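Single-letter residue listing:
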Amino acid sequence: MARFVITSTGTDVGKTVFAAGLCGLIGAEYWKPVQSGLAGNVENDAISAARGDAAQPGTDRAEVERLSGARTHPEAVLLPQPLSPHRAAELAGVTLDPAVWTPPDAARLVIEGAGGALVPVTRQVLFADLFARWQVPVIVVCATGLGTISHSLTALESLRARGVPVHGVAFVGPANDDNMATIGDLGRVRVLGRLPLLDRLDRDSLTAAMRAAFSAGDFA
């Protein structure tokens, strides 16, 4: 079974684009349990349980479909405010129950968390805690520039401290061989490859870039 959780060192690193690219590369399905940042799309600015099988505009799920053509699964919850899930849920006046979130039963599956590994789902549960419960191998998406060494090593240590299986790290950004090698060495982790920033981001360009940068065999 090729099942992976995709997390990152923070926001805007390129996690969703990499997740879409990985779905295309290995023919995986996609699931993101909680999506925040839908103000204006969710009626009455309240939490919305995902209904039906259609991706909501503006979601990471919709972007993954656009970039990969993969089959995607509905989110457990959609939250209007572009905040950490714990705070977005509080502002929506609801309580999240991540204990009932179970990954879809798919032989090939890419699961995307929200932001970095230590983003709080609730005030008691972090995404890393969910990953530890699921025991699905995690890929950490890392930037290549200044600050990435500390951010990446912190994420790796946080995951391992909870007994989360780490499959490797994937980089997104301009080439920086020393940063990548340093993270691989100090983090004792497999460097899977680097996805460059694409001038044109669509399904064809992402498919070509992923095939050039990563080996499907590393995700078997």
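Relevant structure appears above.
Notes on the structure in this doc start here. (Residues numbered from 1 in each chain as written. Predicted model: local features only at pLDDT ≥ 70, side-chain atom pairs only at ≥ 80, totals over all residues. Heavy atoms only, no water.)

## As for the packing of helix α1 (residues 15-26) against helix α2 (residues 60-68)
How two helices pack is summed up by the angle between their axes together with the distance between the axes. Two elements in contact, α1 and α2, have axes whose closest approach is 9 Å; the angle formed by their N-to-C orientations is 45 degrees. Classified by the angle their axes make, α1 and α2 are oblique. As α1 runs across α2, the sense of the crossing is right-handed. Along its contact with α1, which presents T16, V17, A20, C23 and G24, the element α2 presents D60, E63, V64, L67 and S68. For the contact of α1 with α2, the class distribution of residues is five nonpolar, three polar and two charged. (Axes fitted to C-alpha atoms, helices over the stretch in contact; angles between N-to-C directions. Helix = DSSP H or I, 4+ residues; strand = E, 2+ residues; numbered from the N terminus. Parallel < 35°, antiparallel > 145°, perpendicular 65-115°, else oblique. Left-handed = near helix turned anticlockwise from the far one by under 90°. Contact = heavy atoms within 4.5 Å. Nonpolar A, V, L, I, M, F, W, Y, C, P; charged D, E, K, R; others polar.)

## A look at the side chain of Q35
Among the secondary structure elements, Q35 is positioned in strand β3 (residues 34-36). Exposure remark for Q35: the relative accessible area of 6% places this residue in the buried category. (Buried < 20%, exposed > 50% of the residue type's maximum accessible area, 1.4 Å probe, protein only.)

## Comments concerning the pattern of salt bridges
Pairing between side chains of opposite charge can happen when the charged atoms of each approach one another. One pass over the structure, following the stated rule, counts ten salt bridges. Among the salt bridges present, the one from D129 reaches R162, with a minimum N-O distance of 2.9 Å. Separated by 33 residues along the polypeptide, D129 in helix α4 (residues 127-134) and R162 in the loop between α5 (148-161) and β8 (166-172) bring together distant segments of the chain. Beyond isolated ion pairs, a larger network of salt bridges with shared partners links K15, K32, D60 and E112. (Salt bridge = Lys/Arg side-chain N within 4 Å of Asp/Glu carboxyl O.)

## Considering the sheet that holds strand β1 (residues 2-8)
Strand order in this open sheet of seven strands is β4-β2-β6-β1-β7-β8-β9, and the pairing throughout is parallel. Two strands lie at the open edges of the sheet, namely β4 (72-73) and β9 (191-195), each paired on one side alone. Running at roughly 175 degrees to strand β6 (residues 108-116), α1 makes contact with β1, β2 (29-31), β6, β7 (138-142), β8 and β9 of the sheet. (Pairing = 2+ DSSP bridges.)

## Section: the environment of A128
Relative to the helices and strands, A128 resides in helix α4. Each C-alpha atom of the pair A128 and G116 lies 8.9 Å from the other, and the pair is twelve residues apart in sequence.

## Let's talk about the side chain of K15
Secondary-structure assignment places K15 in helix α1. Looking at K15, its side chain comes within polar contact range of the main-chain oxygen of G113, at 3.0 Å. Leave out the neighbours within four places in its chain, and K15 touches I6, T7, S8, K32, E112, G113, A114, G115 and V141. (Polar contact = N/O pair within 3.5 Å; in protein donor to acceptor, adjacent residues only side chain to side chain.)

## A word on the nonpolar core
Within the largest apolar cluster, 36 residues are counted, with the highest numbers of intra-cluster contacts made by W101, F127, F131, W134, V140 and L159. Put simply, the parts of the chain that give this core at least two residues each are β5 (77-79), α3 (85-92), β6, α4, β7, α5, β8 and α6 (177-186). Examining the composition of this core, we find that six residues originate from one element, α4, more than from any other. With near-sequence residues (within four places) excluded, W134 lies in contact with V5, W31, P33, W101, P103 and I111. Listed in part, the 28 residues of the second largest apolar core include A28, V110, V172 and L206. (Core = buried A, V, L, I, M, F, W, Y, C linked by side-chain atoms within 4.5 Å.)

## Examining the packing of aromatic side chains
Following the criterion strictly, the structure yields six aromatic pairs and no others. An angle of 90 degrees between the planes, with centres 5.9 Å apart, marks the rings of F4 and F219 as edge-to-face. A residue pair is termed long-range when its members are at least 10 positions apart, and F4 in strand β1 and F219 in the segment after α7 (203-213) qualify at 215 residues. F219 gets classed as buried once you look at its relative accessible area, which sits at 0%. With a centroid separation of 5.8 Å and an interplanar angle of 50 degrees, the aromatic rings of W31 and W134 are classed as tilted. Pair noted here: W31 is in strand β2 and W134 is in helix α4, with a separation of 103 residues, a long-range link. Accessibility classification places W31 together with W134 in one group, the buried group. Put simply, the rings of F4, F18, F214 and F219 pair up and form one aromatic cluster. (Phe/Tyr/Trp six-rings, centres within 6.5 Å; stacked < 30°, edge-to-face > 60°.)

## Structural notes on the pairing of β7
Among the five residues of β7, five are classified as buried, and the element is accordingly described as predominantly covered. On β7, burial covers both faces: V138, V140 and C142 on one face and I139 and V141 on the other are all buried. For β1 and β7, the ladder comprises four bridges, and the chain directions are parallel. Note that in β7 the partner of T7 across the bridge is V140.

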